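# Examination of the molecular architecture
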Amino acid sequence: MQTRALGRTGLSVSAMGFGAASFWGHPAFPEAEARRLVHRALDLGINLFDTGPAYSRGQAEGRLGRALAGRDSSALVVATKAGTRFQGGRVRRDMSLNAIEASLEESLRRLGLEVLPLVHLHGPAASELTPDFLGGLGRLKDRGLFQHLGVNSFDPAVIDAALALPQIDTVMVDINVLRPERVALAARASAAGKGVLAGMPLAMGHTAPSRLHDLRPSSLWYALRALKNHRADISAGRRFRFLHDQPDITGPQALLAWVLGVPGVSAALVGTTRLAHLEDCAAAPGLALPADLAARIAACQARP
Ligand SMILES: NC(=O)c1ccc[n+]([C@@H]2O[C@H](COP(=O)([O-])OP(=O)(O)OC[C@H]3O[C@@H](n4cnc5c(N)ncnc54)[C@H](OP(=O)(O)O)[C@@H]3O)[C@@H](O)[C@H]2O)c1
């Protein structure tokens, strides 16, 4: 597996990261299958795992911790979030320092780690990134709760605010063929010395043919999530269906090759519930996106 430097953190991460989130962490997805995926990811050379206390109805972190138990975690980059938690049937947001401190302590316990290698503030407002707040986070870092701090947001204004802050090491943004405007953002982040992690690199599956005919619980769950939250992306994704009909590269590999070709991106975080899909994606780092596909992607992105 190709590895890349994560900004100026000194960390080296696999170009493909494992997204320990979504249906993978859902109670309806069997724990044994979830564990098998993590172990296969490790075998494939993946050392970057992204999760969060609010992911998968609050179940993802604990599940990842159990899957990694007994494994050598010294070379792993386990990234989690702070500022949100799952409580009372919904995701609750609390960016106070007290809540973050409690959340980090819980994350350490659930993940079975002595220190969190990387923590992303989960959707902070730019106005919350004050010197006082960052100073408080610095004290939590000095306490040994975490090593590197990042910001996860889909709001470019928040990311741009984070780029000016020396306390922020990394940014996690949605980067995929449906978000060409992120190319310039990734370049700015990289120029500012930040590590860039691409979330939703497969555009959450929106470029692929519909899976509604596939009655697996995961397919239904992803299809319902898309219909509920991402109708515009479903429609935009249709333009890129040709990527799934190529002789020498699979659709997910082409999507990942595009993301990993965005200057500044260190790793793409893939979410999957299937071993075959994991292996398919893990073959993408290092693959060159064929020039004709790159040109067709650019042409589709340029269309109004
Ligand atoms: N979604 C968010 O809001 C968000 C926010 C912040 C960070 N992130 C990070 O980004 C990661 C990925 O996000 P995501 O899971 O929402 O989107 P994604 O990785 O872009 O897409 C996941 C979808 O692609 C399918 N898939 C994966 N590999 C495939 C393959 N080889 N062939 C066919 N289908 C394949 C998965 O289905 P199968 O399960 O059937 O493989 C799933 O439906 C998260 O786990 C998290 O770490 C996400």
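Summary of the structure given here. Nothing here was measured: the structure is a model prediction, and the numbers come from that model.

Scoring rules and cut-offs
Residues numbered from 1 in each chain as written. Predicted model: local features only at pLDDT ≥ 70, side-chain atom pairs only at ≥ 80, totals over all residues. Heavy atoms only, no water. Helix = DSSP H or I, 4+ residues; strand = E, 2+ residues; numbered from the N terminus. Rg over C-alpha atoms; globule rule 2.2 N^0.38 Å. Buried < 20%, exposed > 50% of the residue type's maximum accessible area, 1.4 Å probe, protein only. Areas by Shrake-Rupley, 256 points an atom, 1.4 Å probe, with all protein chains shown as cover. Lys, Arg positive; Asp, Glu negative; His and termini not counted. Charge placed at Lys NZ, Arg CZ, Asp CG, Glu CD. Core = buried A, V, L, I, M, F, W, Y, C linked by side-chain atoms within 4.5 Å. Contact = heavy atoms within 4.5 Å. Axes fitted to C-alpha atoms, helices over the stretch in contact; angles between N-to-C directions. Parallel < 35°, antiparallel > 145°, perpendicular 65-115°, else oblique. Left-handed = near helix turned anticlockwise from the far one by under 90°. Nonpolar A, V, L, I, M, F, W, Y, C, P; charged D, E, K, R; others polar. Salt bridge = Lys/Arg side-chain N within 4 Å of Asp/Glu carboxyl O. Pairing = 2+ DSSP bridges.

If you tally the helices and strands in the protein, you get 12 helices and 12 strands. By the compact-globule yardstick of 19 Å for 304 residues, the protein fits well, its C-alpha radius of gyration being 18 Å. Referenced to the eigenvectors of the C-alpha coordinate spread, the extents of the protein come out at roughly 55 × 40 × 35 Å. Residues counted as buried form 52% of the 304 residues belonging to the protein. With an accessible surface of roughly 13,100 Å², the protein has 53% of that area assigned to carbon and sulfur atoms. Measuring between centres, the 34 positive side-chain charges of the protein sit 5 Å from its 26 negative side-chain charges.

What follows deals with the nonpolar core. Phe18, Trp24 and Ile175 are the most contacted members of the largest nonpolar core, which has 83 residues in total. Core analysis: the next-biggest nonpolar cluster, separate from the first, contains 11 residues, Val13, Leu48, Ala79 and Met172 among them.

In this structure, Thr3 sits in strand β1 (residues 3-5). Distance from Thr3 to Val265, taken between C-alpha atoms, is 12 Å for residues 262 residues apart in sequence. Residues within four places of Thr3 in sequence aside, it is in contact with Ser12, Val13, Ser14 and Ala15.

Another aspect to go through is the packing of helix α4 (residues 97-111) against helix α5 (residues 131-142). Orientation of α4 relative to α5, taken along the N-to-C sense of each, is 25°, at an axis distance of 10 Å. Judged by the inter-axis angle, α4 sits roughly parallel to α5. Crossing geometry of α4 relative to α5 is assigned as right-handed. Across the interface between the two elements, Leu97, Ile100, Glu101 and Leu104 of α4 pack against Asp132, Phe133, Gly136, Leu137 and Leu140 of α5. Taken together, the residues of the contact of α4 with α5 sort by class into six nonpolar, one polar and two charged.

Once the charged atoms of two side chains with opposite charge are near each other, the side chains can pair. Applying the stated criterion across every chain yields a total of 14 salt bridges. Across the pair Arg143 and Glu101 runs a salt bridge whose closest N-O atoms are separated by 2.4 Å. Placement of Arg143 in the loop between α5 and β9 (146-152) and of Glu101 in helix α4 is noted, with a sequence separation of 42 residues between them. With a closest N to O distance of 2.9 Å, Asp174 and Arg179 form a salt bridge. Asp174 sits in the buried class, given a relative accessible area of 3%. For Arg179, a relative accessible area of 17% translates into the label buried.

Moving on: the sheet that holds strand β5 (residues 77-82). Whenever strands of a sheet pair, they do so through backbone hydrogen bonds, lying parallel or antiparallel. Pairing is parallel in the closed barrel, where eight strands are placed in the order β3-β4-β5-β8-β9-β10-β11-β12. Going from strand to strand, the sheet's axes swing by 30° on average, the running direction of each strand aside. Relative to strand β10 (residues 170-174), helix α6 (residues 156-163) is tilted by about 165°, and along the sheet it contacts β9 and β10.

Orientation of helix α1 (residues 31-43) relative to helix α3 (residues 60-68), taken along the N-to-C sense of each, is 60°, at an axis distance of 9 Å. With respect to α3, the axis of α1 lies oblique. Note on packing geometry: the crossing formed by α1 with α3 is right-handed. Residues Glu31, Ala34, Arg35, Val38, His39 and Leu42 of α1 touch α3, and the partners they reach there are Arg63, Leu64, Arg66, Ala67 and Leu68. Tallied by class, residues from the contact of α1 with α3 come to six nonpolar, one polar and four charged.

What follows is about the environment of Ala54. Topologically, Ala54 is positioned in the loop between β4 (48-50) and α2 (55-58). Here the alpha-carbon distance between Ala54 and Cys300, two residues 246 residues apart in the chain, equals 35 Å. Not counting residues up to four positions away in its chain, the partners in contact with Ala54 are Thr84, Arg85, Phe86 and Val91.

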